[in-house]
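These are the residues of each chain, in order.
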Number of protein chains: 2
Amino acid sequence: MSSGVRRLTRQQQAVSDILARHTDFRSAQGWHAALLAQGSAVGLATVYRTLQFLADEGRIDVLRTDSGETRYRACSVGHHHHLVCRDCGRTVEVDAADVERWATTTAAAYGFTAVDHTVEIFGRCATCAAAARG
Amino acid sequence: MSSGVRRLTRQQQAVSDILARHTDFRSAQGWHAALLAQGSAVGLATVYRTLQFLADEGRIDVLRTDSGETRYRACSVGHHHHLVCRDCGRTVEVDAADVERWATTTAAAYGFTAVDHTVEIFGRCATCAAAARG
DNA sequence: CCAGCAACTGAGAATGATTCTCATGTTCAG
DNA sequence: CTGAACATGAGAATCATTCTCAGTTGCTGG
């Protein structure tokens with residue numbers, strides 16, 4: 001299955017590095033732009049490839065927005081979900097042990113296996129709500 | 001804001017009708033193909049427009065798959081979530097009062113308002129699991 | 001230290017889903 | 001019935017993402 005021996009390249013390190021230095025979610029294109037801005041020339045295709053690889057390995061978080069964009073972020077430890085402000089994009093990590101349990105149990109009740117789930121909460125954070133009211 | 005007076009057209013009815021006659025989730029293109037198959041000539045753009053309108057009105061369910069496709073289905077009554085087989089696409093509706101409560105409470109704890117959420121469980125149904133094993 | 005090859009890269013083309021354009025067709029009020 | 005606003009649809013345009021493939025490079029055996 002795993003025929004390839006992954007090589008360590010400057011580009012892959014650049015991607016990992018920039019992810020490690022920021023805590024926000026950005027699209028592949030966003031990270032690509034950030035890399036260019038800091039002077040690391042890495043091709044867009046490579047950014048996509050690396051991000052996907054890291055995501056598959058579970059080393060970074062993936063979030064799919066309503067507009068169909070996929071955003072990535074350095075993964076803090078463990079499995080968790082997100083509370084995202086739909087106005088400013090601020091993200092809060094939430095633990096959801098109860099939800100995990102519920103998802104697994106529910107799926108099992110219907111005979112489903114190899115279960116995975118998506119749980120994201122979108123809303124408006126206090127700051128944006130105040131701004132909107134102003 | 002609502003400058004337009006929505007008119008009732010043959011095309012819109014065709015879309016609503018076919019949705020009402022099926023219970024599965026399909027992509028806009030899938031519904032478009034189904035319409036053509038039954039002899040209702042409706043443009044793809046119109047299918048997209050109508051589906052989006054119905055979704056905005058909350059009259060149909062929307063589901064975004066991992067591959068980035070958006071699927072639609074006639075909405076049964078009430079709010080609920082889905083358990084989707086990643087192989088055959090079979091969908092089971094699950095009630096999740098607990099999860100609703102959790103989402104609302106969690107969001108409120110962080111000062112978020114106007115909360116909305118996405119909860120989907122993906123897995124492999126018993127039938128597909130058996131087929132894969134065979 | 002060097003050769004050689006497989007894995008990696010990147011520019012741009014290709015893809016696939018969705019949205020937009022705008023000339024033409026329809027619905028509905030009067 | 002008539003006009004005009006709204007809807008439609010064919011195809012072009014977008015947008016994010018993936019693919020292609022020739023050129024580059026990390027790594028391992030010699």
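Residues numbered from 1 in each chain as written. Chains lettered and ligands numbered in written order. Predicted model: local features only at pLDDT ≥ 70, side-chain atom pairs only at ≥ 80, totals over all residues. Heavy atoms only, no water.

A. View of the sheet that holds strand E2 (residues 60-64) of chain B. Residue and element names in this part refer to chain B. Strand order in the open sheet made by the three strands is E1-E3-E2, with antiparallel pairing throughout. The open sheet is flanked by strand E1 (26-27) and E2, the only strands paired with a single partner. Relative to strand E3 (residues 70-74), E2 runs antiparallel, the two sharing five bridges. For Leu 63, the partnering residue across the bridge sits in E3 and is Arg 71. (Pairing = 2+ DSSP bridges. Helix = DSSP H or I, 4+ residues; strand = E, 2+ residues; numbered from the N terminus.)

B. Expanded view of the interface of chain B and chain A. At the interface, 37 residues of chain B touch 37 residues of chain A. Note on chain B versus chain A: buried area summed over both sides is about 2,800 Å², and carbon and sulfur give 66% of it. In terms of surface lost to chain A, no three residues of chain B exceed B:Trp102, B:Phe112 and B:Ile121, which account for 24% of the buried area on that side. Our count for the chain B to chain A interface comes out at zero salt bridges. The interface formed by chain B and chain A includes eight residue pairs in polar contact (both at pLDDT 80 or more). (Contact = heavy atoms within 4.5 Å. Buried area = accessible area lost by both parts, 1.4 Å probe. Salt bridge = Lys/Arg side-chain N within 4 Å of Asp/Glu carboxyl O. Polar contact = N/O pair within 3.5 Å; in protein donor to acceptor, adjacent residues only side chain to side chain.)

C. View of the nonpolar core. Of all hydrophobic cores here, the largest spans 28 residues; its most connected members are A:Leu83, A:Trp102, A:Phe112, B:Leu83, B:Trp102 and B:Phe112. For this core, the elements supplying multiple residues, two or more each, are strand E4 (81-85), strand E5 (91-94), helix H4 (97-109) and strand E6 (113-124) of chain A together with strand E4 (81-85), strand E5 (91-94), helix H4 (97-109) and strand E6 (113-124) of chain B. If near-sequence neighbours (up to four positions away) are discounted, A:Leu83 is found in contact with A:Arg90, A:Thr91, A:Val92, A:Val94, A:Ile121, B:Thr106, B:Ala107, B:Tyr110 and B:Phe112. (Core = buried A, V, L, I, M, F, W, Y, C linked by side-chain atoms within 4.5 Å. Buried < 20%, exposed > 50% of the residue type's maximum accessible area, 1.4 Å probe, protein only.)

D. Just the packing of aromatic side chains, in detail. Counted under the stated rule, the structure contains zero aromatic pairs over all chains. Its guanidinium or amino end placed over the ring of B:Trp31, B:Arg26 lies 4.7 Å from that ring's centre, counting from NZ or CZ. (Phe/Tyr/Trp six-rings, centres within 6.5 Å; stacked < 30°, edge-to-face > 60°. Lys NZ or Arg CZ within 6 Å of the ring centre and 35° of its normal.)

Without other data, these values stay purely geometric and don't point to any function.
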